Amino acid sequence: MNTRLTLTVEELNEYVRKSLAGDPMLRNLFLRGELSNFKRHVSGHLYFTLKDEKSAIQCAMFRTSAMGLRFRPADGMKVILRGSVGLYVKTGSYQFYAEGM
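Before we go on, may I ask you to explain the pairing of strand S2 (residues 46-51) in this structure?
Looking down a regular strand, the side chains alternate between one sheet face and the other. As paired elements, strand S1 (residues 29-40) and S2 share 5 bridges and run antiparallel to each other. Looking across to S2, one finds that Arg40 is bridged to Leu46. Between the end of S1 and the start of S2, which pair antiparallel, lie 5 residues, with Gly44 showing a positive phi angle near 100°. Pairing of S2 with strand S3 (residues 56-61), which is carried by 6 bridges, proceeds in the antiparallel orientation. Residue pairing in the sheet places Lys51 in a bridge with Ala56 of S3. In sequence, S2 turns back onto S3 through a hairpin of 4 residues.

So what exactly am I meant to see when it comes to the sheet that holds S1 here?
What links the strands of a sheet is backbone hydrogen bonding, and the strands pair in either a parallel or an antiparallel sense. The strand order around the closed barrel built from 5 strands is S1-S2-S3-S5-S4, with neighbouring strands paired in mixed fashion. Sheet twist, expressed as the average angle between the axes of neighbouring strands with direction ignored, equals 55°. When S1 meets strand S4 (residues 78-88), the two strands line up antiparallel, connected through 6 bridges. The residue of S4 that forms the bridge with Phe30 is Arg82.

Calculation criteria
Residues numbered from 1 in each chain as written. Predicted model: local features only at pLDDT ≥ 70, side-chain atom pairs only at ≥ 80, totals over all residues. Heavy atoms only, no water. Pairing = 2+ DSSP bridges. Helix = DSSP H or I, 4+ residues; strand = E, 2+ residues; numbered from the N terminus. Axes fitted to C-alpha atoms, helices over the stretch in contact; angles between N-to-C directions.

Pasting the structure below:
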């Protein structure tokens, strides 16, 4: 008997999102790298890539966290982020949600 599970894309993405959110190592994480592709959205959210010599990850910092910054982030800055790893269910994009910089 074949008992394969069939999911929708949304169900799979939601499952992965919950799995990432439930992993204690991926919450309140500090991540070091260089800012690139920095964009400040009209909503006040910040979107950027954090990269090092070998890898990159897409990042988002929501307005409430961005309002607490004491400097203006810009491409090329070396920073340490505090936040968590997550998945944006709509696109299936794995990213880092920064709460501090």
